[in-house]
Amino acid sequence: RNTDKDAYSYGGRAQHWLADRLRIGVTGTNEKGEEATRRAVGADFQLRLSPKTQIEGEIARSHGRGFQSVVSTDGGLTFGGEGASTASGEGAVAWRLRGELDLEDLRGLGLKGAIGGGYEERKAGFSEIANDTSVDQKAWDAHADLEMTDNLGLKLGYKEFRDGAGQVRQDADAASVWDIGNKLSFSAGISHTRLISPEAIAAGKSGYDGSRVDGGV
């Protein structure tokens, strides 16, 4: 929320498909208020190799600080968090890359299912409408959804996040599904989570320096 009567915000996007396989696009935004001004420009692409196999990426650069999120804890009677964000306001870059592969596109191997993953990096000071980055951040993930047999499937996943303040979160999971027949199935899975947050530990909070394992059927 911005109460400055001279504030403004505008943006635009253009994209184009080349031969129905490659999409390229550019986006730009500009915000100005009494306490903050932010400009951002980005470019992105998507390459479709088949209906379920694709690669996409995006890079963006912002300059200036955006506006803080406005939060109300009393149903809208009062709000907190107005003004400029806490990001540094220096020019910074963020980028991401993702890919998905349909295993049936690997001709002759007889594989069924899909695998995929992605990587994202945001430098301290990067600012966008929904999120400001105060420290460097890196995140990546990978997943697989495999058809082992006609009635047995296996799902695997992993996600990891790290930032310049020492925060780490890692999530890994595995699950299998067995189709018994007659519309019945049996599934079992296990997951592992590791969490480290120096800021939360320094504030005396518990549960932010360790790991846990969960399983179920």
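The following paragraphs examine the structure supplied in this document. (Residues numbered from 1 in each chain as written. Predicted model: local features only at pLDDT ≥ 70, side-chain atom pairs only at ≥ 80, totals over all residues. Heavy atoms only, no water.)

1. Some remarks on a negative patch on the surface
Working step 1: Residues Glu 104, Asp 145, Glu 147 and Asp 150 make up a contiguous surface patch of negative charge.
Working step 2: Position of Glu 104 among the secondary structure elements: in the loop between strand E5 (92-102) and strand E6 (113-122). (Patch = residues over 30% accessible without salt bridge, like charges linked within 9 Å, V, L, I, M, F, W, Y side chains within 5 Å. Areas by Shrake-Rupley, 256 points an atom, 1.4 Å probe, with all protein chains shown as cover. Salt bridge = Lys/Arg side-chain N within 4 Å of Asp/Glu carboxyl O. Lys, Arg positive; Asp, Glu negative; His and termini not counted. Charge placed at Lys NZ, Arg CZ, Asp CG, Glu CD. Helix = DSSP H or I, 4+ residues; strand = E, 2+ residues; numbered from the N terminus.)

2. Topic: the side chain of Glu 31
Working step 1: Turning to its location among the elements, Glu 31 is positioned in strand E2 (residues 22-32).
Working step 2: Of the residues examined, Glu 31 reaches a relative accessible area of 12% and is grouped as buried.
Working step 3: One polar contact links Glu 31 to Arg 38, side chain to side chain, over a distance of 2.7 Å. (Buried < 20%, exposed > 50% of the residue type's maximum accessible area, 1.4 Å probe, protein only. Polar contact = N/O pair within 3.5 Å; in protein donor to acceptor, adjacent residues only side chain to side chain.)

3. What about the sheet that holds strand E9 (residues 168-181)?
Working step 1: Pairing within the open sheet is antiparallel, and its 11 strands lie in the order E1-E2-E3-E4-E5-E6-E7-E8-E9-E10-E11. Of all the strands in the sheet, just strand E1 (8-18) and strand E11 (209-216) have a single pairing partner and so form its edges. With strand direction ignored, the average angle separating the axes of adjacent strands in the sheet is 5 degrees.
Working step 2: Sheet topology places strand E3 (residues 37-50) next to strand E4 (residues 53-64); 12 bridges connect them, and they run antiparallel. (Pairing = 2+ DSSP bridges. Axes fitted to C-alpha atoms, helices over the stretch in contact; angles between N-to-C directions.)

4. Here's the deal with unusual backbone geometry
Working step 1: Phi is positive for Asn 182, which is not a glycine, with a value near 55 degrees.
Working step 2: Turning to its location among the elements, Asn 182 is positioned in the loop between E9 and strand E10 (184-196).
Working step 3: Backbone geometry at Lys 183 places phi at a positive 65 degrees, although glycine is not the residue there.
Working step 4: Inspection of the secondary structure assignment puts Lys 183 in the loop between E9 and E10.
Working step 5: Overall, the relative accessible area of 86% leaves Lys 183 in the exposed class.

5. A word on the packing of aromatic side chains
Working step 1: Under the definition given, this model contains 2 aromatic pairs.
Working step 2: Here Trp 95 and Tyr 119 contribute two aromatic rings whose centre-to-centre distance is 5.2 Å and whose plane-to-plane angle is 45 degrees, an arrangement assigned as tilted. Of this pair, Trp 95 sits in strand E5 while Tyr 119 sits in strand E6, placing them 24 residues apart in sequence.
Working step 3: Assessed through its relative accessible area of 28%, Tyr 119 is described here as partly exposed.
Working step 4: Ring plane angle 45 degrees and centroid distance 5.0 Å describe the contact between Trp 140 and Tyr 158, whose orientation is recorded as tilted. Separated by 18 residues along the polypeptide, Trp 140 in strand E7 (residues 137-149) and Tyr 158 in strand E8 (residues 152-163) bring together distant segments of the chain.
Working step 5: On the basis of relative accessible area, Trp 140 is assigned to the partly exposed category, the value being 38%. (Phe/Tyr/Trp six-rings, centres within 6.5 Å; stacked < 30°, edge-to-face > 60°.)

6. Points about the environment of Arg 122
Working step 1: Note that Arg 122 resides in strand E6.
Working step 2: Counting along the chain gives 12 residues from Arg 122 to Ser 134, while the straight-line C-alpha distance between them is 9.6 Å.
Working step 3: Those residues in contact with Arg 122 that sit more than four places away from it in its chain are Val 93, Ala 94, Glu 128, Asn 131, Thr 133, Val 135, Asp 136 and Gln 137.
Working step 4: At 3.0 Å, the side chain of Arg 122 and the side chain of Thr 133 are in polar contact. (Contact = heavy atoms within 4.5 Å.)

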